[in-house]
Amino acid sequence: MYRAMRKRQIKWTVIVFILLAGILYLGKIPYDEILRTEVHTRHMQLMKTASMLRQEKLLDVVQDARRLALNSGVKSYIETPTADHRNKMQRALINTSNVYGRYDQIRYIDLQGMEQVRVDYADDGAYAVADTILQSKADSTYVTEGLALDEDQVYFSPIDLNRENGTLERPLKPVIRLVQKVTDSDGEPQGLLVLNYAAGEFLNQFRALFPDLDQPMLLNNEGYWLLNAQADKTWGWLLGQPQQTLGAERPALWKKMQTTPGQTMELDGDLFSYQRFDAVNVATNGLSSYADERKLIRGISTSAKWFMLVQTRSPQWHVGAAYLRPWFRVFVVGLFLMAAMLVYFVIASREQRRVSRAAQRGQLADFKDLYENAPIGYVTVSASGLITNVNHMLLAYLGYQREELLNDCYFMDLVDDESRAGLEGLMHSLGAGEHEQYRLEMRCKHGERLTVLCSVSSRLSTSSMLTVGRCSVQDISQQVSLERSLERLAYSDSLTGLANRRHFDELASRELKRLQREGGPLTALALDVDRFKAVNDRYGHAAGDKVLKSLARHGEKLLRGTDILARFGGEEFTVLLPGATQEQGRNKAEALRQALAEAPVTLQAGEVIHYTVSIGVATLARPEETQLPALLKRADEALYQAKRSGRNRVCVAEPEC
Ligand SMILES: Nc1nc2c(ncn2[C@@H]2O[C@H](COP(=O)(O)OP(=O)(O)OP(=O)(O)O)[C@@H](O)[C@H]2O)c(=O)[nH]1
């Protein structure tokens, strides 16, 4: 049994563990979705901020160029290109470079593409380079584009790395060239202002916007990295590494970025968010004061189309997840332990209940068996005495079918009126919860009576009201019959059935007490068969017995109900006549003598035995119990006197003094 229980416990523990794991896993899915959404929201917010930052930076550069174009030093050289005015222009350019610190170079290039003034920015400040290293930039795209500008337009070059004399400057210096056309007071174009914006500033600020959990990247329109945590992947098209593109590394992502507006996607467990940088959307970024400027910016919509890409690696995007915290792991272990304990206790208690129910069923079956097949009768009654159950033996006792009694018959209806008192006592004991025994006469179906011994037991409610009563019913008819036989044997003469000496003494004592209370005389007769020995001798002992029985029957007939006739032994009989005076006693004795003398006994052989009796009579006028032996003695003496006087006669004893 315990092994089966252990197996069930293990089986259910495994099932509950699988269910719990399933629930936790299912709970993790939406939870991860929330985390993804949080990361996505953060990515989007930061990219929006970055977009605004970029826009702000570019428009600041435009503003700087505009201001510089209006600078008096610049203007004076344009109007009158003297050496003095050139110095003024140089100072203006140096000034601007120093004030903002974000221009690697600021140049003034004439309409032929020749550098007229060039101010470089170094760690210790801006300075004008020597005239000897000024170069012609007529072949540069930005010069061509600049010369084609309308008035008030500016041109932004694509981002590039700065070169010195044709070779890339180290460390790498990302640069965006801004070209502003300048005109004289007549509106005639005179040259170009070219500001090399050191974009490293912006790239660093862009990077600093994002927390360490995220890896922000910038890519140009062709998928080359401008910014990447792995620096060796950047500027591939300028460093002779054309394969270093996002398109080569993650084709699916790159394709998605080109076809779908900004969104988040998960690749190999990492979360990616991307967004296109689009200068045309300046107004939507809240920089409405610059809204008009965008119309004036040329080239930005194509050459400066970048992509922002933010990657948050798998461990990072759920780094704050509750299920990675130590307390959650403790909670889960606790949960599983509790589940295991719960399974253990539930199954143990179910097993205990099962065992207990089986035991109860066994007990109930035993009880039913004992009840139904008991060798004595059982009857169960409700509070009103209605029979609700009865066993086989009681049905056999009474001769009923079960359906004749069940729920249709009251126990009282089965008890004889003679036992009313016993029945009342029985019902009282049932109601009081007493265990008592009652001897009752029950009525059988066909009218016979059955003497039974009923033992009662009952179940009471909490308010001491009878709920169920039960009686065990034992048939004691045989016992009662035996008792009566024994009683007869103990109190009667076995030959004649008359009272024996013992019974006579009891009956006489009772009568004496009554007479003492009520008053009245008492007469005793002593009766003896005359020459009985001769009867025995002549006809045999059996014939003598027949004579004695005949005498007893005739004597009983002649006497009153209150008179007591007893055989003391042999052929001697005694009669007690309560309330009879001496005269009445003598008359009764005489009547008895005559009747017996006239009642001979006929034997089977046809012989007739005539016999006579002698009777002695003695009377007590005021009897007392102690006087009985003396009374009987006096009657005996009178009997002897009758014998001596010739027999077949009545003699009366002298009254006592
Ligand atoms: N058949 C029979 N005889 C009995 C019984 N009890 C005593 N007897 C006999 O009764 C006889 C009594 O005889 P006795 O005492 O001599 O007296 P009797 O013959 O009647 O003579 P008297 O009394 O003097 O008239 C004896 O023979 C006993 O054996 C009995 O129960 N049945």
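Placed above this text is the structure.
Residues numbered from 1 in each chain as written. Predicted model: local features only at pLDDT ≥ 70, side-chain atom pairs only at ≥ 80, totals over all residues. Heavy atoms only, no water.

K.L.:
Give a detailed account of the sheet that holds strand 11 (residues 225-227), specifying residues and quantitative values.
P.N.:
For sheets, the rule is that strands pair by backbone hydrogen bonds, running either parallel or antiparallel. Strands sit in the order 11-10-15-13-12 across an open sheet of five strands; the sheet is antiparallel. Edge positions in the sheet fall to strand 11 and strand 12 (264-267), since each has one partner strand and no second. If you compare each strand with its neighbour and ignore which way they point, the axes differ by 30° on average. Strands strand 10 (214-219), strand 12, strand 13 (270-277) and strand 15 (306-312) of the sheet are contacted by helix 1 (residues 2-70), whose axis makes an angle of about 25° with strand 13. Against the sheet, helix 5 (residues 200-209) engages strand 10, strand 11, strand 13 and strand 15, with an angle of about 150° to strand 10. (Pairing = 2+ DSSP bridges. Helix = DSSP H or I, 4+ residues; strand = E, 2+ residues; numbered from the N terminus. Axes fitted to C-alpha atoms, helices over the stretch in contact; angles between N-to-C directions. Contact = heavy atoms within 4.5 Å.)

K.L.:
A description of unusual backbone geometry should follow, citing residues and the corresponding values.
P.N.:
Most peptide bonds adopt trans geometry, and most residues besides glycine take a negative phi value. Residue Pro171 is bonded to the preceding Arg170 through a cis peptide linkage, with omega at -15°. Looking at the secondary structure, you find Pro171 in the loop between strand 7 (167-168) and strand 8 (174-183). You will see that Asp268, though not glycine, has its phi angle at about 50°, which is positive. Judged by relative accessible area, Asp268 falls into the exposed class, the value being 70%. In this model, Asn407 sits at a positive phi of 55°, which is unusual for a non-glycine residue. Within the element layout of this structure, Asn407 appears in the loop between helix 13 (402-405) and helix 14 (420-432). (Buried < 20%, exposed > 50% of the residue type's maximum accessible area, 1.4 Å probe, protein only.)

K.L.:
Can you lay out the packing of aromatic side chains for me, pointing to particular residues and giving the numbers?
P.N.:
Enumeration over the complete set of coordinates arrives at 16 aromatic pairs. Judged by centre distance (5.0 Å) and plane angle (80°), the rings of Phe504 and Phe568 are edge-to-face. In this pair, Phe504 sits in helix 16 (residues 501-518) while Phe568 sits in strand 22 (residues 564-569), placing the two residues 64 residues apart along the sequence. Its end group placed over the ring of Trp225, Lys233 keeps NZ or CZ at 5.5 Å from the ring centre. Directly above the ring of Tyr491 sits Arg502, whose terminal nitrogen or CZ lies 5.1 Å from the centroid. (Phe/Tyr/Trp six-rings, centres within 6.5 Å; stacked < 30°, edge-to-face > 60°. Lys NZ or Arg CZ within 6 Å of the ring centre and 35° of its normal.)

K.L.:
So what's going on with the site of the ligand? Residues and values would help.
P.N.:
Looking at the ligand, there are 16 residues lining it, with Arg531, Phe532, Asn536, Arg567 and Arg647 nearest. Separating an oxygen atom of the ligand from a backbone N or O atom of Lys533 is a distance of 3.0 Å. In isolation the ligand has 660 Å² of accessible area, and contact with the protein removes 66% of it. Mapped by element, the contributors of at least two residues to the shell around the ligand are strand 21 (522-529), helix 17 (532-539) and helix 18 (541-558). Here the shell around the ligand is composed, by residue class, of three nonpolar, four polar and nine charged. (Near = heavy atom within 4 Å. Polar contact = N/O pair within 3.5 Å; in protein donor to acceptor, adjacent residues only side chain to side chain. Areas by Shrake-Rupley, 256 points an atom, 1.4 Å probe, with all protein chains shown as cover. Nonpolar A, V, L, I, M, F, W, Y, C, P; charged D, E, K, R; others polar.)

K.L.:
Help me get a handle on the pairing of strand 20 (residues 466-475), residues and values and all.
P.N.:
The sheet contact formed by strand 16 (residues 377-381) and strand 20 spans five bridges and is antiparallel. Note that in strand 20 the partner of Thr380 across the bridge is Arg470. Pairing between strand 19 (residues 449-460) and strand 20: nine bridges, direction antiparallel. Directly across from Cys454, in strand 20, lies its bridge partner Val473. Linking strand 19 back to strand 20 in an antiparallel pair, the connection comprises five residues, with Ser464 at a positive phi of about 60°.

K.L.:
I'd like a rundown of the pairing of strand 10, residues and numbers included.
P.N.:
Buried residues dominate strand 10, accounting for five of its six residues. Sheet topology places strand 10 next to strand 15; six bridges connect them, and they run antiparallel. Bridge pairing links Leu218 to Met308 in strand 15. Connecting strand 10 to the next strand, strand 11, in antiparallel fashion are five residues, including Gly223 with a positive phi near 90°.

K.L.:
So, the packing of helix 1 against helix 5: which residues are in play, and what are the values?
P.N.:
Interaxial distance between helix 1 and helix 5 falls to 10 Å at its minimum, and their mutual angle equals 160°. It follows that helix 1 is roughly antiparallel to helix 5 by the angle criterion. Like other packed secondary-structure pairs, helix 1 and helix 5 cross with a definite hand, here right-handed. Where helix 1 approaches helix 5, its residues Leu46, Thr49, Ala50, Leu53, Arg54 and Lys57 are matched on the opposing element by Glu201, Phe202, Gln205, Phe206 and Leu209. For the contact of helix 1 with helix 5, the class distribution of residues is six nonpolar, two polar and three charged. (Parallel < 35°, antiparallel > 145°, perpendicular 65-115°, else oblique. Left-handed = near helix turned anticlockwise from the far one by under 90°.)

K.L.:
Account for the pattern of salt bridges, naming residues and giving values.
P.N.:
Across all of its chains, the model carries 38 salt bridges by this definition. Arg514 serves as the salt-bridge partner of Glu518, at 2.7 Å between the closest nitrogen and oxygen. Taken together, the residues span about one helical turn, with Glu518 and Arg514 both in helix 16 at a distance of four residues. A relative accessible area of 54% places Glu518 in the exposed class. Residue classification places Arg514 among the partly exposed residues on the basis of a relative accessible area of 26%. We note a salt bridge from Arg586 to Glu583, for which the minimum N-O separation is 3.9 Å. On the criterion of helical spacing, the pair formed by Arg586 and Glu583 is a turn pair, its members being three residues apart in helix 19 (residues 582-597). Given a relative accessible area of 37%, Arg586 falls into the partly exposed group. Sharing partners across several salt bridges, the network here consists of Asp416, Glu418, Arg443 and Arg449. (Salt bridge = Lys/Arg side-chain N within 4 Å of Asp/Glu carboxyl O.)

K.L.:
So, a positive patch on the surface: which residues are in play, and what are the values?
P.N.:
Side chains of Arg350, Arg353, Arg357 and Arg361 sit close together on the surface and give a patch of like positive charge. Positionally, Arg361 belongs in helix 11 (residues 326-373). For Arg361, a relative accessible area of 53% translates into the label exposed. (Patch = residues over 30% accessible without salt bridge, like charges linked within 9 Å, V, L, I, M, F, W, Y side chains within 5 Å. Lys, Arg positive; Asp, Glu negative; His and termini not counted. Charge placed at Lys NZ, Arg CZ, Asp CG, Glu CD.)

K.L.:
Tell me about helix 11, and please be specific about residues and values.
P.N.:
Relative to the 70 Å expected for 48 residues at 1.5 Å per residue, helix 11 spans 69 Å between its end C-alpha atoms, a close match to the ideal helical length. Within helix 11 the residues assigned to the buried category are Phe328, Val332, Phe336, Ala339, Val343, Ile347, Glu351 and Tyr371. Buried residues along helix 11 sit against helix 1, strand 16, strand 17 (387-390) and strand 20. (Expected span 1.5 Å × (residues − 1).)

K.L.:
I'd like a rundown of the side chain of Asp493, residues and numbers included.
P.N.:
For Asp493, the location among the structural elements is in the loop between helix 15 (477-491) and helix 16. By relative accessible area, which is 13% here, Asp493 ends up buried. Leaving out residues up to four positions away in the same chain, Asp493 has contacts with Leu498, Ala499, Asn500 and Arg567.

Keep in mind that these numbers describe shape and distance, not what the molecule does.
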